[in-house]
Structures are given as structure tokens and as C-alpha cells.
Amino acid sequence: MLVLGIESSCDETGVALYCSKRGLIGNALHTQMAMHAEYGGVVPELASRDHIRRLVPLTQACLAEAGAAYGDIDAVAYTQGPGLGGALLAGASYANALAFALGKPVLPVHHLEGHLLSPLLADERPEFPFVALLVSGGHTQFMAVRGIGDYTLLGESVDDAAGEAFDKTAKLLGLPYPGGAKLSELARLGTPDAFSFPRPMLHSHDLQMSFSGLKTAVLTAVEKARAAHGGSLPNSVRNDICRAFQDAVCDVLVHKARRALLQTGYRTLVVAGGVGANWKLRAELGSLKVKTAPKAPAEAVRTFFPPLPLCTDNGAMIAFAGAMRLQHQVQAAQPAAAFNVRPRWPLDELVQTA
Ligand code: KG4
Ligand code: ZN
């Protein structure tokens with residue numbers, strides 16, 4: 001079975017082919033980052049138009065990489081939501097049109113289910129049940145995952161997503177869009193504890209998180225540093241701020257991850273989404289231990305990350321999620337001229353299929 005996956009929820013156009021026997025055999029991606037950089041953020045109308053331009057050539061590149069032809073495709077999976085309405089429509093209309101032309105079914109996929117299942121594309125795969133930390137530019141959520149399609153939301157950020165906080169903080173430090181990854185690289189050069197930022201809701205006794213106050217703390221630190229350095233921000237100070245910001249976000253995520261594992265009793269953690277590429281988060285969650293009581297022995301946790309190139313948005317995770325849904329007997333739909341997208345779509349609305 002060969003599933004073509006189409007991702008177009010935000011500023012990446014992804015097209016990939018997942019084969020139930022051979023795994024991922026084609027994966028083509030175009031990022032619009034450079035186009036949006038000029039505006040300091042994603043411009044939805046430009047994003048939609050660019051998706052339309054890229055989808056056909058990316059599909060051709062993907063088929064060529066896989067050595068496959070259009071006629072080999074058994075189903076077309078596409079991101080139905082959540083995401084930008086126009087960007088989703090570009091992918092959804094292309095997927096439905098292509099499937100209609102091929103006489104094959106379509107599989108509408110939830111973008112976050114794609115992220116959630118992406119660690120299953122690695123050589124070493126987690127087993128159910130597990131706690132998933134979805135940490136991207138749009139979401140920061142803990143989910144209990146008991147099987148394909150069987151998800152419960154345990155807690156989430158009440159305001160900014162962690163990736164959004166990275167990007168907004170990077171912007172106020174003068175880094176080019178999207179600054180999350182750049183900020184994390186500069187954090188490597190910073191001195192630990194030169195600054196200290198708040199850890200919002202760290203002790204809230206639940207799995208809710210808040211990241212929007214952090215950027216205000218960073219702004220205050222930047223203003224003070226500028227005033228002390230004649231109006232400019234020395235690189236060394238900027239790096240120290242990056243370090244302290246990253247430490248604060250990671251502390252909250254690690255603390256809450258431990259709580260989620262204790263609450264569910266699960267000892268497997270899966271980290272997905274763009275911020276899962278963060279080096280500090282990977283190091284800390286990769287060596288996580290939990291204790292059920294202060295004097296109890298520390299229990300090791302098995303942590304799984306998607307392969308680095310699959311952390312950020314891509315078509316592979318959509319093709320894979322589509323293939324998994326097919327394997328678990330979710331009815332594929334017939335392509336239709338009247339289809340819908342779901343820019344807002346809570347993940348735990350997905351029905352249990354396993
Ligand atoms: O999953 P993703 O590609 O798109 C969304 O669905 O949001 O995640 C993108 C987010 C951006 O906010 C980006 O700044 C962040 O992931 N990101 C990082 C790193 N690489 C990407 N944040 C922190 N450290 C990184 N290394
Ligand atoms: Zn994403």
C-alpha cells in the first residue's frame with residue numbers, strides 16, 4: 001500500500017510517499033521561511049499562493065525519488081487541520097483533485113496526529129501507551145496516547161506555545177524570523193545563570209503551562225542591558241539572555257513531563273513538533289528519570305524523538321498518519337468537490353480506532 005501525504009498547514013509544503021512494506025520512500029519539502037522573513041512572520045495569503053505553486057513540482061520530485069508513478073498511489077492523505085485556513089485549502093483541494101483524477105480515496109489527517117506519530121518513523125519505535133509532548137509553534141500539549149486514534153489531552157499552554165515564545169523572544173532580540181532555532185544556537189554560547197527568568201505555572205499541580213509572560217521578562221532584561229551599554233545590546237549579553245530563556249522554557253517542559261509520566265503511570269515519553277529539535281530539551285528529556293515518592297528509587301524513562309528532519313512540518317508524517325489510519329480500518333473517504341478544512345480542531349476529538 002502506497003500513501004501520498006500532503007502537508008500545507010502553515011509555511012512548509014511537504015509531499016511524501018509512505019509504503020507499508022518499505023517505509024518512507026519519497027520525501028520532498030519546500031520551506032517558505034525566506035519568503036516570510038521579510039515580514040517578520042507568516043503572511044497567510046502569501047503562504048496559500050506559494051503552496052499552490054509548489055504542490056505539483058514537489059509531488060513529481062517525490063515520485064521520482066521513490067521511483068514510483070502516479071498510478072502506484074493507493075490513497076492520498078492530506079492535512080485537514082488545524083492550521084491557516086487558506087493554506088489548508090490549497091493542500092486539501094490539490095489532494096482531493098489528485099485523488100479524484102486517480103480514482104483513489106482520500107485520508108484527511110489531523111496535523112498534530114502527524115507530529116504525534118512521527119517518532120514511529122524512526123528505526124527505534126516507541127510502544128503504546130506513552131505520554132506525548134507536542135511542542136511546536138502553535139501548540140504545547142501533553143497527550144496520553146494509548147493507540148492509533150486513542151488520545152486524551154492531559155494539559156496544555158494556556159497562552160503562547162513554546163515555539164511561539166521562542167520566535168517572539170528571538171524577534172525582540174533582533175534575530176531574523178523564525179528565530180527559535182537561531183536563539184537556541186546562541187544559547188549554546190551563553191553563560192548559565194547570568195540571567196534568571198520566571199518559570200510560569202511550574203508548581204501549578206496540573207499540566208497547564210504559560211509562556212507569554214516570559215517574553216515580557218526578556219524585554220525588561222533587554223531594556224536594562226541596553227541602558228547599561230549605551231543603547232546597544234552586546235552579543236555576549238544577548239547570548240546570556242538566550243541561554244536563560246531556553247533554560248526557563250526547558251525547566252517547565254521537563255518538570256511537567258515528569259508530572260505527566262507520574263500521573264499516567266506510563267514510562268515512555270514521545271516528543272514531537274518543531275521545538276523537539278532543541279538541543280537542551282533533547283538532552284534533558286533524553287535522560288529523564290521519575291520518582292513516585294521522595295525516597296523511592298529513580299525510574300528510567302524511555303524517551304523517543306522523531307528523526308531531526310521530521311521534527312518540523314513535513315509530508316512524511318502526514319503520509320504515515322494516513323497509512324496508520326488505513327491500517328486501523330478507518331474508512332477512507334471518496335474525494336469530493338465539496339470538502340472542508342478545520343483550521344481549529346482539538347486533537348482529542350479524533351475517535352478511538354485502535
Ligand atoms: O512543528 P513546527 O515545524 O510547526 C508548527 O506546527 O508550529 O514547529 C515550528 C516551531 C517554531 O516556533 C520554531 O521556532 C520552533 O519550532 N523551533 C525551535 C527549534 N527549531 C524549531 N525552537 C527551539 N529550538 C529549536 N532548535
Ligand atoms: Zn507542525
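Please read these numbers as outputs of a predicted model, since none were measured by experiment.

Chemist: How should I be thinking about the coordination of the zinc ion (ligand 2) in this particular structure?
Modeler: The expected angle between donors at a tetrahedral four-coordinate metal is 109.5 degrees. At an octahedral six-coordinate metal it is 90 or 180 degrees. Protein-derived ligands of the zinc ion (ligand 2) are H111 (NE2), H115 (NE2) and D313 (OD), with the metal-ligand distances lying across 2.0 to 2.2 Å. Taken together, the 4 donor atoms surrounding the zinc ion (ligand 2) define angles of 92 to 143 degrees at the centre, an arrangement classified as irregular. Motif for the zinc ion (ligand 2), donor spacing along one chain: H-x3-H-x197-D. Highlighted residues: H111 in helix α4 (residues 111-117) and D313 in the loop between β12 (302-304) and α10 (316-327), separated in sequence by 202 residues. Across this residue pair, the class does not change: H111 and D313 are buried.

Chemist: Hey, could you run me through the site of ligand 1 in this one?
Modeler: Near ligand 1, the surroundings consist of 19 residues, among which G137, D167, G274, N278 and D313 are the closest. Contact distances for ligand 1 include 3.5 Å between a nitrogen atom and a side-chain N or O atom of S184. Separating an oxygen atom of ligand 1 from a backbone N or O atom of G274 is a distance of 3.0 Å. Considering ligand 1 on its own, with 550 Å² of exposed area, one finds that the protein chains cover 86% of that surface. Those elements that place two or more of their residues in the shell around ligand 1 are α4, α5 (162-172) and α6 (180-187).

Chemist: I'm lost on the sheet that holds β12 in this one. Help?
Modeler: Note: strands within a sheet are paired through backbone hydrogen bonds, in either parallel or antiparallel orientation. Across the sheet, 5 strands lie side by side as β8-β7-β6-β9-β12; this open sheet has mixed pairing. Edge positions in the open sheet fall to β8 (150-156) and β12, since each of these has one partner strand only. Neighbouring strand axes in the sheet, compared pairwise and without regard to direction, differ in orientation by 25 degrees on average. Note: strand β6 (residues 130-135) against strand β9 (residues 268-272), 4 bridges, orientation parallel. In the strand pairing of β9, L133 is matched with V271. Its contacts with the sheet place helix α8 (residues 235-264) against β6, β7 (140-147), β8 and β9, and it is angled at close to 30 degrees to β7.

Chemist: Whenever I open this one, the UniProt feature "binding site: substrate" (unreviewed entry) in the protein confuses me. Can you help?
Modeler: Per the UniProt record, "binding site: substrate" (unreviewed entry) is annotated on L134, V135, S136, G137, G138, D167, G180 and N278. One can find L134 in strand β6. The contacts of L134, once residues within four sequence positions are left out, are L112, H115, L116, H139, T140, Q141, M143, A272 and L347. If you trace the backbone, N278 turns up in the loop between β9 and α9 (279-286). From its side chain, N278 meets the backbone nitrogen of K280 in a polar contact 3.1 Å long.

Chemist: Would you take a moment to explain α6 for this structure?
Modeler: In an α-helix, one turn spans 3.6 residues, which is why side chains three or four residues apart end up on the same side. For α6, the set of buried residues is G180, L183, S184, L186 and A187. Down the axis of α6, the buried side of the element spans an arc of 160 degrees, and every buried residue falls inside it. Looking at the packing, one finds that the buried side of α6 touches α5, α8 and α9.

Chemist: Is there a simple way to think about the nonpolar core in this case?
Modeler: One recurring pattern in soluble globular proteins is that nonpolar side chains are buried together. Counting 50 residues, the largest nonpolar core has F197 and L285 as the members making the most contacts within it. Of all the secondary-structure elements, those providing two or more residues to this core are β6, β7, α5, α6, α7 (212-228), α8, β9 and α9. Broken down by element, the residue count for this core peaks at 14 residues, all from α8. Every residue in contact with L285, bar those within four places of it in the chain, is listed here: L133, V254, A257, L269, V271, T303 and F305. Of all hydrophobic cores here, the second largest spans 34 residues; its members include L120, L134, A316 and W345.

Chemist: I'm lost on the pairing of β8 in this one. Help?
Modeler: It is a general feature of regular strands that their side chains alternate between the two faces of the sheet. As defined by bridge partners, β7 adjoins β8 across 6 bridges and the pair is classed as antiparallel. Across the sheet, the residue bridging to F142 is G155, located in β8. In textbook terms, the turn of a hairpin is the stretch between consecutive antiparallel strands, and for β7 and β8 this stretch comprises 2 residues, one of which, G149, has a positive phi near 85 degrees.

Definitions and cut-offs
Sequence order sets the numbering: in each chain, residues are counted from 1 along the sequence as written. Chain letters and ligand numbers both follow the written order, the letters beginning at A and the numbers at 1. With the structure being a predicted model, the display of local features is reserved for residues of pLDDT at least 70 and the display and counting of side-chain atom pairs for 80 or more, all residues being used for whole-chain, interface and lining totals. The basis for every side-chain value is the complete set of non-hydrogen atoms in the structure, without hydrogens or water. Note on donors: an N, O or S atom is included if it sits within 2.8 Å of the metal, or within 3.2 Å for Na, K and Ca, and water is never included, so sites can look incomplete. Just to be clear on the cut-offs, tetrahedral is four donors with all angles between 85 and 135 degrees, square planar is four donors and octahedral six with opposite donors over 155 degrees apart and all others between 65 and 115, and anything else goes down as irregular. Going along the chain from the N terminus, every DSSP run of H or I of four or more residues is numbered as a helix, and every run of E of two or more is numbered as a strand. Remark: exposure states derive from per-residue accessible area (1.4 Å probe, protein chains only) relative to the maximum for the residue type, with buried under 20%, exposed over 50%, and partly exposed in between. The rule for a residue being near a molecule or strand is that one of its heavy atoms must lie within 4 Å of it. Two N or O atoms count as a polar contact when they lie within 3.5 Å, although within protein this holds only if one can serve as hydrogen donor and the other as acceptor, and sequence-adjacent residues are included solely when both atoms are side-chain atoms. Here, Shrake-Rupley sampling with a 1.4 Å probe gives the accessible areas, and only protein chains in the shown set may cover a residue. Two strands are said to pair when DSSP picks up at least two bridges between them. For helices, the axis comes from a line fit to the C-alpha atoms of the stretch in contact; other axes are also lines fit to C-alpha atoms, and the angle between any two N-to-C directions lies between 0 and 180 degrees. In what follows, a contact means two residues having at least one pair of non-hydrogen atoms within 4.5 Å. UniProt positions are given in the numbering used here, feature names are shortened, and annotations may be inferred rather than shown by experiment. As used here, the arc belongs to the directions running from the helix axis to the C-beta atoms. What we call a nonpolar core is a set of buried Ala, Val, Leu, Ile, Met, Phe, Trp, Tyr and Cys residues that are connected through their side-chain atoms within 4.5 Å.

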